[in-house]
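Listed below are the residues making up each chain.
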Amino acid sequence: MRTAQQQAREQQRVEELCGATVRALTGDRELHMRARGLYRGRQRLALHAPHLRTDPERDDFTDHRGAADGMALRLLHSDAALHRALCPDDPVQRLIFDLLEQLRVESLAPAGRPGMASNLVHRFESWSHQYHHAGLTDGALGILLYTLVQICWARLNARRVVVETEDLIEATRAGIAPLIGHDLAAMKRHREDQGAFAAAALSIARQVHALIEGARSGQLGDADEDEEDVDNAALRFLLDFDEGDDGAMAVAPTGRSKAFAEADAGYRVFSTQYDREVATASLVRPALLRELRERLDRRVNDQGINIPRLARRLTALFAHPERDGWAFGEEEGIIDGRRLAQLISSPTQRRLFYKDRYQPIPHTLFSILIDCSGSMKAHIEAVAVLVDVLVRALQQAGVSSEILGFTTGAWNGGRAQRDWLARGRPPHPGRLNELTYMVYKEADASWRRARPAIAALLKPDLFREGVDGEAIDWACARMRGRRETRRVLLVISDGCPMDTATNLANDPFYLDNHLKDVVARHELQGEVEIYGLGVGLDLSPYYSRCLALDFSQGLDNDMVGEIVRLLHGGHRR
């Protein structure tokens, strides 16, 4: 049985391959896939049909490729502005109209790409089987919509309907074929003309909607309660596709914050009076710190990580060769006049040359920013081992590193919230807690000097809530003040930002939306490379470069290798 880490790694690989497919087919270098969605840069694009939504646990690679091919064809052959202008307001009519447009573009797969056509057929048939096996064809509405999709797909692609359900849909097909036959023929004729095709598609959408409304009002018979539940489930199944960000309203994968989007000044902070930055070692008694360090050393030794090997990989990743004087006694290069006498005394002597000597020099600052919220307590030992190993290897590689953490000074708001209450609870106050930024290791401090302070990660009562967006701004500001030319920030977190007082006073997605905005801004500026390391969670809704790891079985060389590959792949992007 695959572990959560293996599933996340496999899903990430599939998304990379499918994203490359979409880029190759469309010629748009900004397109990529993550979090099971298609993005252009930071903008999430709409997936207009339910069969474009894939499930990594249920669908095979051909399903993913078929969905990617369908997305690429939609971008190539559909005018999004025209589609939005013609799209009806009613959700059921809109569903049908979107589906028919997607089927149109898929029918335009080039004849010279039989693999693409095969992928598209495989994906559509897989989705059809899933719909049927879920019992959604048992209701009148479910079988009506399913039959419509099958008829239109078969007509546009000159193929037979899905064999497994051919007999099942026969009666419904005989009932609706006379109503939509003329429009079906028009759609077939006008596959390459989006406007003319849309007129026929709209006509079908209206006629099917009229049938549905007639059934609901009792014109086609009364459905029992069980059948009504099935029909509602069918609608949810069909309507469960990604609206994306290509409309007027930006909808993020984790939700849209109205308070954040409509604020004149963007993200707000009610008070910074109680925010502080502390050296974490000062918060822990020296005796306890020594005890925690011994505990951490035991854990590091138990994991058996090959630190010298990791250091060599990091050197290759971060260092660049720079000239460092001359290398003498070489077998090729520039003749060294001082060694010509050796040639006379020893004619076989070949080491008479000198040439430029190059040494790998890293001009890199590697910052690790750790989410010190309460939920991280369960994972902090494994995270502390990882951080300690990374910093030791980075030092051997000659890379400057710092370890930072972020939390809040209190649960549920603290003094900042009390000030807000005293002022009469003004609406949309923004962030309502006092922040604590913790420094476990300064960039100029060696690992040996910072050893005791790193162990403070194991003191769980320092962990409260977390405001990720402001913490990333703080970490990036520290990094920009340094001399290194390359700056890498690795954020380790197990979930979304969480501060109860802020969410209650604004809305649940206020901090989420701010985190996405912060990461997008820094990625656009390009001064800091930001990577997300999810502890048992996929952080791709927030970070375009991320990796999910399962620490439940401890840390090993393979997991560390995954992190190095993440850094290597992200730098090439």
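A brief look at the structure comes next. As the structure is a prediction and not an experimental result, all values here were calculated from the model.

**Remarks on the overall build of the chain**
Part 1 of the reasoning: Looking only at helices and strands, the chain has 20 helices and 13 strands in total.
Part 2 of the reasoning: Across the 573 residues that make up the chain, the buried fraction comes to 53%.
Part 3 of the reasoning: A fraction of 76% describes how many contacts in the chain between residues 6 or more apart in sequence connect residues 24 or more apart.
Part 4 of the reasoning: When the accessible surface of the chain is totalled, it reaches about 26400 Å², and 49% of it is carbon and sulfur.

**Focus on helix α7 (residues 166–189)**
Part 1 of the reasoning: Between the first and last C-alpha of α7 there are merely 25 Å, a value that for 24 residues lags more than 12% behind the 34 Å anticipated at 1.5 Å per step.
Part 2 of the reasoning: At Ile180, α7 is deflected by roughly 65°, the largest bend along its length.
Part 3 of the reasoning: Within the span of α7, buried status applies to Glu166, Ile169, Thr172, Ile176, Ile180, Asp183, Leu184, Ala186 and Met187.

**With respect to the pattern of salt bridges**
Part 1 of the reasoning: Within this structure, the stated rule accounts for 29 salt bridges.
Part 2 of the reasoning: Ionic pairing is found between Arg13 and Glu16, a salt bridge with its closest N-O pair at 3.6 Å. Placement of both Arg13 and Glu16 in helix α1 (residues 4–26) is noted, with a separation of three residues, approximately one turn of the helix.
Part 3 of the reasoning: With a relative accessible area of 38%, Glu16 lands in the partly exposed category.
Part 4 of the reasoning: Linking Arg293 and Asp297 is a salt bridge whose minimum nitrogen-to-oxygen distance equals 2.7 Å. Of the two residues, Arg293 and Asp297 are both situated in helix α11 (residues 286–303); the distance of four residues between them amounts to about one turn of the helix.
Part 5 of the reasoning: Its relative accessible area of 4% is what places Arg293 among the buried residues.
Part 6 of the reasoning: Overlapping salt bridges bring together Arg58, Asp59, Asp63 and Arg123 as one network.

**Topic: the packing of helix α4 (residues 91–106) against helix α6 (residues 140–157)**
Part 1 of the reasoning: Relative to each other, α4 and α6 sit at 25°, their axes nearing to 9 Å. It follows that α4 is roughly parallel to α6 by the angle criterion. For α4 against α6, the interelement crossing comes out right-handed. Contacts from Ile96, Leu99, Leu100, Leu103, Arg104 and Glu106 of α4 reach α6 at Leu145, Leu148, Val149, Cys152, Trp153, Leu156 and Asn157.

**A word on the sheet that holds strand β4 (residues 276–279)**
Part 1 of the reasoning: Here seven strands make up an open sheet; going across it, the order is β4-β10-β9-β8-β11-β12-β13 and the pairing mixed. Where the open sheet ends on each side, the last strands, each with one partner, are β4 and β13 (546–549). The sheet shows a mean angle of 20° between the axes of neighbouring strands, direction not considered.
Part 2 of the reasoning: Judged from the six bridges that link them, strand β9 (residues 400–408) and strand β10 (residues 435–441) form a sheet pairing that is antiparallel. Its bridge partner lying in β10, Thr408 is registered against Leu435.

**Some remarks on the sheet that holds strand β7 (residues 353–362)**
Part 1 of the reasoning: Reading across from one edge, β5-β7-β6 is the order of the three strands in this open sheet, with antiparallel pairing throughout. Lying at the two open borders of the sheet, with one neighbouring strand each, are β5 (319–330) and β6 (334–335).
Part 2 of the reasoning: Sheet topology note: the β5/β7 ladder contains nine bridges and is antiparallel. Across the sheet, the residue bridging to His320 is Ile361, located in β7.

**Considerations on the pairing of β9**
Part 1 of the reasoning: Where burial is concerned, most of β9 is hidden: nine out of the nine residues are buried.
Part 2 of the reasoning: Residue alternation in β9 divides its side chains into two sets, Ser400, Glu402, Leu404, Phe406 and Thr408 and Ser401, Ile403, Gly405 and Thr407, and both sets are buried.
Part 3 of the reasoning: Two strands pair when backbone bridges link them, and strand β8 (residues 364–371) and β9 are joined in this way by seven bridges, in the parallel orientation. In the sheet register, Phe366 faces β9, and the bridge partner there is Ser401.
Part 4 of the reasoning: Note on the crossover from β8 through helix α14 (residues 380–396) to β9: the handedness is right-handed.

**Notes on the nonpolar core**
Part 1 of the reasoning: If you look at the biggest cluster of nonpolar residues, it comprises 61 residues, and the most contacted ones within it are Phe318, Phe366, Ile370, Val387 and Ile492.
Part 2 of the reasoning: Excluding its chain neighbours within four sequence positions, the residues that come into contact with Phe366 are Phe318, Leu394, Val399, Ser400, Ser401, Glu402, Val488, Leu490 and Leu567.
Part 3 of the reasoning: Judged by nonpolar contacts, the second largest core, of 56 residues, contains Leu136, Phe197, Ala201 and Leu202.

**What to know about the packing of aromatic side chains**
Aromatic ring pairs are reported here in terms of the distance separating the ring centres and the angle at which the planes meet.
Part 1 of the reasoning: Applying the stated rule across the entire model yields seven aromatic pairs.
Part 2 of the reasoning: Ring geometry for Tyr267 and Tyr510: centres 5.4 Å apart, planes at 25°, overall stacked. Here Tyr267, found in the loop between α10 (258–262) and β4, pairs with Tyr510, found in helix α19 (residues 510–525); they are 243 residues apart in sequence, far enough to count as distant. Each of the two residues, Tyr267 as well as Tyr510, counts as buried.
Part 3 of the reasoning: Their ring planes at 15° and their centres at 4.5 Å tell us that Tyr437 and Trp474 sit as a pair that is stacked. Of this pair, Tyr437 sits in strand β10 while Trp474 is found in helix α17 (residues 468–480), placing the two residues 37 residues apart along the sequence. The same class applies to Tyr437 and to Trp474, which are both buried.
Part 4 of the reasoning: What links up through ring pairs into an aromatic cluster is the set Phe124, Trp127, Tyr131, Tyr146 and Trp153.
Part 5 of the reasoning: The ring of Phe197 has Arg104 sitting right over it, with the charged end atom 5.8 Å from the ring centre.
Part 6 of the reasoning: It is Arg392 that lies over the ring of Trp447; its NZ or CZ is 4.6 Å from the centre.

**Examining the side chain of His209**
Part 1 of the reasoning: Counting through the fold element by element, His209 comes out in helix α8 (residues 194–216).
Part 2 of the reasoning: According to the relative accessible area criterion, His209 is buried, its value standing at 14%.
Part 3 of the reasoning: Side chain to side chain, His209 and Gln93 meet in a polar contact 3.4 Å long.
Part 4 of the reasoning: In this structure, His209 is in contact with Asp90, Val92 and Gln93, ignoring residues within four places of it in sequence.

Conventions and cut-offs
Residues numbered from 1 in each chain as written. Predicted model: local features only at pLDDT ≥ 70, side-chain atom pairs only at ≥ 80, totals over all residues. Heavy atoms only, no water. Helix = DSSP H or I, 4+ residues; strand = E, 2+ residues; numbered from the N terminus. Buried < 20%, exposed > 50% of the residue type's maximum accessible area, 1.4 Å probe, protein only. Contact = heavy atoms within 4.5 Å. Areas by Shrake-Rupley, 256 points an atom, 1.4 Å probe, with all protein chains shown as cover. Expected span 1.5 Å × (residues − 1). Bend = angle between axes of the 7 residues up to and from the residue. Salt bridge = Lys/Arg side-chain N within 4 Å of Asp/Glu carboxyl O. Axes fitted to C-alpha atoms, helices over the stretch in contact; angles between N-to-C directions. Parallel < 35°, antiparallel > 145°, perpendicular 65-115°, else oblique. Left-handed = near helix turned anticlockwise from the far one by under 90°. Pairing = 2+ DSSP bridges. Right-handed = clockwise from strand over helix to strand, strands pointing away. Core = buried A, V, L, I, M, F, W, Y, C linked by side-chain atoms within 4.5 Å. Phe/Tyr/Trp six-rings, centres within 6.5 Å; stacked < 30°, edge-to-face > 60°. Lys NZ or Arg CZ within 6 Å of the ring centre and 35° of its normal. Polar contact = N/O pair within 3.5 Å; in protein donor to acceptor, adjacent residues only side chain to side chain.

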